[in-house]
Amino acid sequence: MDGGPGELPPQAASAEPGGSAGAVKPGPPSLWSSRDYLGLWTGDAVSSLGTSMSAIAYPLLVLFATGSVADAGIITAANMLGALLTTLWGGALADRVSRKLLLVISPLLQAAAVGTVAVLVGRGYTPIPLLAAAAAASGLAGGVRNAARTPAMRRVVPKEQMAVASSQVQGRDMAAQFFGSPLGGLLFSVARWLPFGADAASFLFSSLGAALIRRPLGPDPAEDPAQRRSLTGDVREGLRYVARVPFLRFVATWTPVVNMIAGAYFLLFIAMLRYRGAGPTAIGLVNSIALVGGVTGAVIGPRLLKRLGAKPLFLAGGWIFTSAAVLTAVLPAPWEIGCAVFLVMLAVVPLNAALEAYQVRLVPDAFSGRVSAVVGFGAQALQWVGPLVAGVLADAYGPPHAMLLVAAALVPIAVIPHLTRSLALLDTPVEEVSEHHL
């Protein structure tokens, strides 16, 4: 594979006038000193808080109205399908039109979609088809937004700091869910439309944060000959790039199954809490206990990556997820179930940060949008199936048995990374990975 080790790590010693050959270069400045990074991070933080409130409000709305886990799965799947439909095209757009414009407009469209849900729920009119349509519309805009975010972020963050930035972003999102889940449950108890209204308002902050970025986010026409091709040609080029890089090819084909099972797991997690007698506020609080694991993983992730290496983290993550699914099915108390999910989040966040850091080091900026979209499309391709299958299984056999089936499905997923050679790249320190050019 082209693009393996070849660059000296940033901390390599260098000889300079007036200095010694053994002098160590000062580290890069803190990301928090960048106004552009801070604006993008903060705007998305508020948006993540709002999304966390509506994310728990959707299943609560259906579970407490109809008692059907399957109906809750339909709403979740509709949002995922919407994002799936626009991810590839959003990546192609991010490599040919203003990424800043995409990051400004997409959240406004999401605000309109979720605001429609708030109005419907506020009027007591909550048919599943209309709620699913609004969730799908929000997903359509979210797919474009997500496709533009990674290539925009790499213009704001130096490559050598992407692992840190990824951990900070995931930690932010985990913290937003930590506070957003109980707040969403509380607002739902006060008035069922409130969490959706708050989410609609939060998207405005994401749009504002992107609008305030001063540096160019690309793409740069001088470096992007792809602008002479059609959008379909851009998508094909992104697919071809991923297909030729073993690491990216594995990620794009392994993660769809993992995320499908994860989609089933997290819906069943809420169903299990309901099954064990927890109400809306208690479900939100227990969800926050679980999310402490994500925040902890974001804090310790960069250190674990340096100390243990990316590959051991990857291999251990599958077995931790499998064990936690078994515990979620058999533990009797809601707070104990929260502790089981704590383990999942503790493992997943550093793993995701490592994968994103390796992807950023591998992919040239001119391909960033398309490749990120292809990998993201793969990650979401089957995710919508998980909540649907989980809902059917839970209604037919009960949440505990459905969760044990999820645990069984995770066993081969944990085994496969031990057998593939496509993860050999993870044996190389991320700072020594160079770009792969076709």
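The present account deals with the structure reproduced in this document. Note that this is a predicted model, so its numbers are computed, not measured.

A few points about a nonpolar patch on the surface
Taken together, the side chains of Ile320, Val326, Leu327, Val330, Leu343 and Leu404 define a hydrophobic patch exposed on the protein surface, amounting to about 430 Å² of accessible area. Looking at which element gives the most residues to the nonpolar patch, the answer is helix H10 (residues 310-330), with four residues. Structurally, Val326 is set in helix H10.

Quick look at the packing of aromatic side chains
Within the structure shown, the criterion is met by nine aromatic pairs. Taking 6.2 Å as the distance between ring centres and 50° as the angle between the ring planes, the aromatic pair formed by Phe247 and Tyr358 counts as tilted. Of this pair, Phe247 sits in helix H8 (residues 246-275) while Tyr358 sits in helix H11 (residues 334-362), and the two are 111 residues apart along the sequence. For the pair Phe247 and Tyr358, one class covers both residues: buried. Through a chain of ring-to-ring contacts, the aromatic side chains of Trp32, Tyr37 and Trp41 assemble into a single cluster.

Side note on the pattern of salt bridges
Counted by the stated rule, this structure contains six salt bridges. Each of Asp44, Arg145 and Arg149 takes part in salt bridges that share partners, so that together they form one network.

Quick word on the nonpolar core
What tends to happen in soluble globular proteins is that the nonpolar side chains get buried as a cluster. The biggest cluster of nonpolar side chains holds 92 residues, and the ones touching the most others in it are Phe196, Phe247, Leu248 and Tyr265. Ranked by the residues each element gives to this core, the list is headed by H8, at 18 residues. Non-local contacts of Phe196, meaning those with residues more than four positions away in its chain, are made with Ser54, Ala57, Tyr58, Leu61, Val114, Val117, Ala118 and Val121. Formed by 20 residues, the second largest nonpolar core is a distinct cluster that contains Ala94, Leu102, Leu103 and Val144.

Criteria and thresholds
Residues numbered from 1 in each chain as written. Predicted model: local features only at pLDDT ≥ 70, side-chain atom pairs only at ≥ 80, totals over all residues. Heavy atoms only, no water. Patch = residues over 30% accessible without salt bridge, like charges linked within 9 Å, V, L, I, M, F, W, Y side chains within 5 Å. Areas by Shrake-Rupley, 256 points an atom, 1.4 Å probe, with all protein chains shown as cover. Salt bridge = Lys/Arg side-chain N within 4 Å of Asp/Glu carboxyl O. Helix = DSSP H or I, 4+ residues; strand = E, 2+ residues; numbered from the N terminus. Phe/Tyr/Trp six-rings, centres within 6.5 Å; stacked < 30°, edge-to-face > 60°. Buried < 20%, exposed > 50% of the residue type's maximum accessible area, 1.4 Å probe, protein only. Core = buried A, V, L, I, M, F, W, Y, C linked by side-chain atoms within 4.5 Å. Contact = heavy atoms within 4.5 Å.

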